[in-house]
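Survey of secondary and tertiary structure
These are the residues of each chain, in order.
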Amino acid sequence: MSQEEIAREAIKHALKALRNRHLVEEGAHAPAIIALSRPIISQGSEWKEKADNLETELQQCYKAQSRLSEQLVVEVAESRSSKALLQEKESLITSLQEELTQIRDEWSRLKTDLEEKIKALELVVSENQQIRAQLEEMTMKAKNAEAENKMLVDRWMLQKMQDAERLNEANALYEDMIDRLKASGLEKLAKQQVDGVVRRSEEGAEFFAESTVPSTCKHKINAHEGGCASILFEYNSARLISGGQDKSIKLWDTNTGSLSSTLYGCLGSVLDLAITHDNRSVIAASSSNNLYVWDVNSGRVRHTLTGHTDKVCAVDVSKISSRHVVSAAYDRTLKVWDLHKGYCVNTIIFHSNCNALAFSMDGQTIFSGHIDGNLRLWDIQTGKLLSEVAAHSLAAVTSISLSRSGNIILTSGRDNLHNLFDIRSLEVCGSLRATGNRVASNWSRSCISPDESYVAAGSADGSVYIWSISKADIVRTLKEHTAPVLSCSWSGLGKPLASADKNGVVCVWT
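The residue numbers shown here count from 1 along each chain, following its written sequence. Totals for whole chains, interfaces and linings use every residue, but because this is a predicted model, local features are given only for residues with pLDDT of at least 70 and side-chain atom pairs only at 80 or more, for both listing and counting. Each side-chain value is worked out from all heavy atoms of the structure, with water and hydrogens disregarded.

Structural notes on the sheet that holds strand S3 (residues 217-222)
Counted only if it meets this: Each pair of strands is called paired provided DSSP finds at least two bridges between the two strands. Going along the chain from the N terminus, every DSSP run of H or I of four or more residues is numbered as a helix, and every run of E of two or more is numbered as a strand. Note on definitions: angles span 0 to 180 degrees between N-to-C directions of axes, and those axes are lines fitted to C-alpha atoms, for helices only across the stretch in contact.
In spatial order, the strands read S3-S30-S29-S28; together these 4 strands make up an open sheet with antiparallel pairing. Pairing within the sheet leaves two strands with one partner each, and these edge strands are S3 and strand S28 (485-490). In this sheet, neighbouring strand axes are inclined to one another by 15 degrees on average, regardless of whether the strands run parallel or antiparallel.

This is how it looks when you write it as structure tokens:
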């Protein structure tokens, strides 16, 4: 039986007891009431008093009954409230028991997972120990192999050095023989009486007609993307070589204006170019801090000369052999390279960055032009400074060009002057300038004509100015470029003249 039913039965029992009591009381008072109704005069007042007392007692009983009824109602209400609260607690207990059951199930599952993970971890630790043991064994084998390999490499390098020494001795003998043949050939050529100017080449000698002043743009070539900083002609040839910011070197047929071939492999912008006297190798100075040497016939990179720590801005090749190369970089060093060995053989350190350089005709002296405006001469063997000349007052030297006779050197500077120096006395033998001619950059290259009669230089306004050395005056201004002209080069045959600008356009002038 539920608590509610028990409460109802208790209430019914209390009500029944109250009724029975009331009936008992009424039965008990009935004889008194009948006696009071009789006409007994002597006992009237006494009975009346008793009746009043009984009536008062009856009223009190009614009041007690009312209070008990109210108390019963309150208790019933409290009982219902307690019942509701009890049901709520029972529901909460049931919910907590379910949650506890779920937590126990989850705990059991996690415990099982933990046991599995512990087993897997033990397995991984065991495998790791095995792998570590194998690694130690392999490391030991690798060290042994490395030691053996190093020993073999040392032996191989020793053998290569011995082979290189033997090859260098053979090359030195061959070069001595070639130099003697050249010397004997020059003596014979000096005795010849010809109308033109006699110049020598790798193969012997050729007759060069007097240089002509160009007036017409024969070809306008979009050679490179982003600018062309350096151009030069092959020796005794009309084929032009150009290098640009697109990291490529291109060879052009100036007769037709067509592209002959392209050399790839440079990892930076090409800032300067040089070519060996046999026209077999092209050397490029690059903003990637390296120099690159290509075989022209195969188009492949023969050497990548590394050692500079900043951009390489100038390069030249010895004029008596194709072996020695000199380079200048913005790390304030000049480096002499041996192309047969493929590495640097001498380094010269100076305080002012070098923008341009050139070899002397005998290959024993290096001319360098610096941003402090000075022209310096260095001994290639000892690296010592031989002489120093203030070529341009408080203005950077941007170009150095040696005449074909080797007696005159042309320097250009940011002061917009083009000075000619006598190599023997290092005195200025000519100074060229023109209104409107402004040097475009720190690496603007000017040139001397093969017969040493003219100087050509580009300008920031896109013009190419040509001076007569004997008259020290402008003889022609060429206008075709729409951007600053960065480089000029005259063919060793006397014509044509080529110029390149900051937009990568190359013009061929005849």
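Section: the confidence of the model for the protein chain
The cut-off we apply is this: Values of pLDDT, the confidence the predictor places in each residue, fall between 0 and 100. In this description, contact between two residues means that some pair of their heavy atoms is separated by no more than 4.5 Å.
Here the protein chain shows a mean pLDDT of 87. Residues at 70 or above account for 90%. Counting contacts from residues 190-207, a segment whose pLDDT is below 50, to residues more than four positions away or on other chains yields 34 contacts.

Overview of the sheet that holds strand S19 (residues 385-390)
Read across the sheet, 4 strands follow the order S16-S17-S18-S19 without closing on themselves; strand pairing throughout is antiparallel. Lying at the two open borders of the sheet, with one neighbouring strand each, are strand S16 (354-359) and S19. Along the sheet, successive strands turn relative to each other by an average axial angle of 20 degrees, direction set aside. Here S16 pairs with strand S17 (residues 365-370) via 5 bridges, running antiparallel. Within the sheet, the bridge partner assigned to phenylalanine 359 lies in S17 and is isoleucine 366.

Some thoughts on the side chain of serine 399
This is how the line gets drawn: In protein, a polar contact means a hydrogen-donor-capable atom and an acceptor-capable atom, both N or O and within 3.5 Å, with residues adjacent in sequence counting only if both atoms are side-chain atoms; elsewhere, any N or O pair within 3.5 Å suffices.
Mapping serine 399 onto the fold places it in strand S20 (residues 397-402). Here the side chain of serine 399 touches serine 446 through a polar contact of 3.1 Å, landing on its backbone nitrogen. Apart from residues lying up to four places away in sequence, serine 399 is in contact with Ala356, Leu410, Thr411, Ser412, Ser444, Arg445 and Ser446.

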